[in-house]
Amino acid sequence: MKVVAFNGSPKKEGNTYHAIRLVAEQLEKEGIEVEIVHVGNKTLNGCLACGYCSENNDGTCAITIDNVNVWIEKMAEADGILLGSPVYFAAVAGTMKSFLDRAFLVAGQKGFLRHKVGAAVVAVRRSGGIPTFNQLNNYLNFCEMILPTSNYWNVIHGMLPGEVTLDEEGVQIMETLGVNMAYVMKSLNNSVVDKPGKIDKVFTNFIR
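To start, this report covers the structure provided alongside it.

Turning our attention to the packing of aromatic side chains. For the structure on display, the rule yields 4 aromatic pairs. Aromatic pair W71 and F99: ring centres 5.4 Å apart, planes at 85°, arrangement edge-to-face. Taken together, the positions of W71 in helix α3 (residues 68–77) and F99 in helix α4 (residues 94–110) put the pair 28 residues apart, joining distant regions of the chain. Residue classification places W71 among the buried positions, given a relative accessible area of 5%. Where Y152 meets W153, the ring centres are 4.7 Å apart and the plane angle is 75°; that geometry is what we call edge-to-face. Ring-pair connections join several aromatic residues into one group, and the members of that group are F6, W71 and F99.

Written as structure tokens, this is what we have:
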């Protein structure tokens, strides 16, 4: 089994990376491979609302000048997804959001993340962690993913790169998430229960 983790920080080995690694170490102990993709230092376009992904439904985004389609393919092939972001103005970092808006819209249209395991982690200096955590979970929920939990919200605190490892409670939260994520992934992999079929989404507009 494999998890693809997306690091939304501009810093390759900043606190978001360390948060991801704390989760990854627990997954790797259970024999689950983890690949970390560095998104936050790339130049990405936001969603153009062009409708290509819904009209063509071929699992790709219309924008082809960046790596988003490559990362979408990695998501489709993975058994689990881990999202990590720093906090910018109590929200997901901009480059990460551009990636998530496009990738998860494609995934939602195609349905290839349904019933896979997804989790989110947030690294923050002081406050804004919970709103950012909730934002990340919105993407996972949209694609009908199964979310493992920890013993608190998945937020870890620190300012200088690596400082989050001094947040004793935060470290435990990340490690517990890793243990629980591995458990859920293995449980689903061994399940003999038939998965429910995909339900066509009802799309409504409040203006009639």
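Attention now goes to α4. For α4, spanning 17 residues, the distance from its first C-alpha to its last is 24 Å, which sits close to the expected 24 Å at 1.5 Å a residue. Of all the positions in α4, only M96, S98, F99, L100, R102, A103, F104, V106 and A107 are classed as buried. For α4, the secondary structure elements touched by its buried residues are β1 (2–7), α2 (52–56), α3, β3 (80–86) and α5 (129–142). Where α4 ends, the next residue or the one after it, G111, has phi of about 80°, a positive value.

Right, let's talk about the layout of surface pockets for a bit. When its volume is computed, the largest pocket comes out at roughly 650 Å³. Forming the boundary of the largest pocket are 26 residues, of which L105, G108, Q109, F142 and K201 lie nearest the centre. The set of elements that each furnish at least two residues to the lining of the largest pocket consists of α2 and α4. Considering every element that reaches the lining of the largest pocket, the biggest residue donor is α4, with 6 residues. Classifying every residue of the lining of the largest pocket gives 16 nonpolar, 5 polar and 5 charged. Each pocket or cavity is described by its volume, and for the second largest pocket that value is around 340 Å³. Elements supplying a minimum of two residues to the lining of the second largest pocket: α1 (15–29) and β4 (117–124). Classifying every residue of the lining of the second largest pocket gives 8 nonpolar, 6 polar and 3 charged.

Looking now at the side chain of N7. Mapped onto the secondary structure, N7 falls in strand β1. A relative accessible area of 1% places N7 in the buried class. In terms of polar contacts, N7 uses its side chain to reach the backbone amide nitrogen of S9, at 3.0 Å. In terms of polar contacts, N7 uses its side chain to reach the backbone carbonyl oxygen of K12, at 3.3 Å. Beyond its immediate sequence surroundings of up to four residues, N7 is in contact with K12, T16, Y17, I20, I36, V37, H38, V39, G40 and G84.

With that out of the way, let us pick up unusual backbone geometry. Positioned with a positive phi, N57 is a non-glycine residue whose angle comes to about 50°. Inspection of the secondary structure puts N57 in the loop between α2 and α3. For A90, which is not glycine, the phi dihedral falls at a positive 60°. In this structure, A90 sits in the loop between β3 and α4. Residue A90 is classed as partly exposed on the basis of its relative accessible area of 39%.

Parameters at a glance
- Residues numbered from 1 in each chain as written.
- Predicted model: local features only at pLDDT ≥ 70, side-chain atom pairs only at ≥ 80, totals over all residues.
- Heavy atoms only, no water.
- Phe/Tyr/Trp six-rings, centres within 6.5 Å; stacked < 30°, edge-to-face > 60°.
- Helix = DSSP H or I, 4+ residues; strand = E, 2+ residues; numbered from the N terminus.
- Buried < 20%, exposed > 50% of the residue type's maximum accessible area, 1.4 Å probe, protein only.
- Expected span 1.5 Å × (residues − 1).
- Contact = heavy atoms within 4.5 Å.
- 1 Å grid on protein atoms, 1.4 Å probe; cavity = no way out; pocket = protein on both sides within 12 Å on 5 of 7 lines; lining within 4 Å.
- Points joined across faces, edges and corners; volume = space filled by probe spheres on them.
- Nonpolar A, V, L, I, M, F, W, Y, C, P; charged D, E, K, R; others polar.
- Polar contact = N/O pair within 3.5 Å; in protein donor to acceptor, adjacent residues only side chain to side chain.

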